[in-house]
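# Coordinates in review
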Amino acid sequence: MNEFSWKDVASALSLANMILGLFSIFCSFCKKSPCASWMLLVSFLLDMAIGAMTRHLNICSTSGAKLNDLAVFTTFGLASALLLGMDGPLNGFLAIIYVLAISVHLCFYSTGVPFTYKGLPCPYASCVLASTSLLTKGNTFILSCMASLMILFMMDQSYYPHDEILESENWKKMVYLGGVILVFLSPLSLTAFYCLMWSLSYIFFPDALWGKAACLNLQHRRH
């Protein structure tokens, strides 16, 4: 396949990611929280594959980046926020704050430096919410607490490394492969626990487990 064709494939995958987010939104409105959460976990894995393909083939384009940002906002912003439920004013208010945090993060939290994110990347926050929703059977109090914590992490000024799981050590590729196998073949509770542990390890041990030297250098410059 030529370069133009690979760009089309990447755009198609971004579109598929956005469609998963739209179906997740539909499931949330239909009160099918487990289905909505499962789709977000699939999107979490798909987003990593899209990023790896784009970097490996060097096929990033302006239109592709815009489509990917729209997919990220739809799936990891709107769809994830709706997991909080709209049963009361507090949940609705928190969902709005969560979407605003995603918007600010996408628009203004760019480091301009390779291999780093400023603030927690949206897909990991979404993965935490989706996994928590599955493990707690949609407990709105616990979900609200986790969402508040994720908002703080996304708005934080700390630097997080590009995990680049599919382009890194073999054990990281096995972590990804394990997620793919579990999300399609195992009970939802086991999948949710695996993805939650994966995401929390990235949140609390970004440099020790997933880091790059560039991230460490940026942290030193700030101090």
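See the structure printed just above.
Here the residue numbers are simple positions, counted from 1 along each chain's written sequence. Local features are withheld for residues below a pLDDT of 70 in this predicted model, meaning they are given only at 70 or higher, and side-chain atom pairs are given and counted only at 80 or more; totals for whole chains, interfaces and linings count all residues. The basis for the side-chain values is all heavy atoms of the structure; hydrogens and waters are excluded.

## So, the overall build of the protein chain
- We count a stretch as a helix when DSSP gives it H or I for four or more residues in a row; a strand needs E for two or more, and each element gets its number in order from the N terminus. When you go through the protein chain residue by residue, the secondary structure sums to 10 helices and two strands.
- Shown N-terminal to C-terminal, the secondary structure of the protein chain runs as helices and strands in the order α-α-α-α-β-α-α-β-α-α-α-α.
- Evaluated residue by residue, the protein chain yields a buried proportion of 48% over its 223 residues.
- If you take every contact in the protein chain between residues at least 6 apart in sequence, the share linking residues at least 24 apart comes to 76%.
- For the protein chain, the computed accessible surface area is about 11,000 Å², with 70% contributed by carbon and sulfur atoms. Any residue under 20% of the maximum accessible area for its type is buried, any over 50% is exposed, and the rest in between are partly exposed; the area is computed with a 1.4 Å probe on protein chains only. Residues are treated as being in contact if the distance between any of their heavy atoms lies within 4.5 Å. Here the open area of atoms and residues is found with the Shrake-Rupley method and a 1.4 Å probe, where only the protein chains shown may cover a residue.

## A short note on the packing of helix H4 (residues 89–108) against helix H5 (residues 122–135)
- Axes here refer to lines fitted to C-alpha atoms; in helices the fit is confined to the stretch in contact. Angles between the N-to-C directions go from 0 to 180 degrees. Remark: H4 packs on H5, axes separated minimally by 11 Å, with the N-to-C direction vectors making an angle of 155°. The angle between H4 and H5 falls in the class roughly antiparallel. Side by side, H4 and H5 meet where Tyr98, Ile102, His105 and Leu106 of the first sit next to Cys122, Ala125, Ser126 and Leu129 of the second.
- Think of it as three bins: nonpolar holds Ala, Val, Leu, Ile, Met, Phe, Trp, Tyr, Cys and Pro, charged holds Asp, Glu, Lys and Arg, and polar takes everything else, Gly as well. Per-class residue counts for the contact of H4 with H5 are six nonpolar, two polar and no charged. Here roughly perpendicular refers to angles of 65 to 115 degrees, roughly parallel to angles under 35, roughly antiparallel to angles over 145, and oblique to all remaining angles.

## As for the packing of aromatic side chains
- By convention, a stacked pair of Phe, Tyr or Trp rings (six-membered ring in the case of Trp) has centres within 6.5 Å and planes under 30 degrees apart, an edge-to-face pair has planes over 60 apart, and any other such pair is tilted. A complete count under the given rule lists eight aromatic pairs for this structure.
- Every member of this aromatic cluster is reached through a ring pair, and the members are Phe44, Tyr124, Tyr160, Tyr176, Tyr194, Trp198 and Tyr202.

## Structural notes on the nonpolar core
- By size, the foremost hydrophobic cluster in this structure holds 54 residues, and its most contacted members are Tyr98, Leu120, Tyr124, Met150, Met154 and Trp198.
- For this core, the element with the most residues is helix H2 (residues 33–57), which contributes 10 residues.
- Sequence-distant contacts of Leu120, defined by excluding residues within four places in its chain, comprise His105, Ala125, Met150, Phe153, Met154, Tyr160, Tyr202 and Ile203. Residue types Ala, Val, Leu, Ile, Met, Phe, Trp, Tyr and Cys, when buried and joined through side-chain atoms within 4.5 Å, form a set referred to as a nonpolar core.

## Remarks on the side chain of Ser126
- Position of Ser126 relative to the elements: it lies in helix H5.
- Under the relative-accessibility criterion, Ser126 is labelled buried at 1%.
- N or O atoms within 3.5 Å of each other form a polar contact, as long as, within protein, one can give a hydrogen and the other can take it, and as long as residues adjacent in sequence are counted only when both atoms are side-chain atoms. For Ser126, the side chain forms a polar contact with the side chain of Ser80, separated by 2.6 Å.
- Leaving out residues up to four positions away in the same chain, Ser126 has contacts with Leu40, Thr75, Phe76, Ser80 and Tyr98.

## Here we look at the pattern of salt bridges
- Salt bridge, as used here: a side-chain nitrogen of Lys or Arg that lies within 4 Å of a carboxyl oxygen of Asp or Glu. Applying the stated rule across the entire model yields one salt bridge.
- In this structure, the salt-bridge partner of Glu169 is Lys172, at a minimum N-O distance of 3.3 Å.
- You can call Glu169 partly exposed: its relative accessible area is 42%.
- The class for Lys172 is buried, based on a relative accessible area of 3%.

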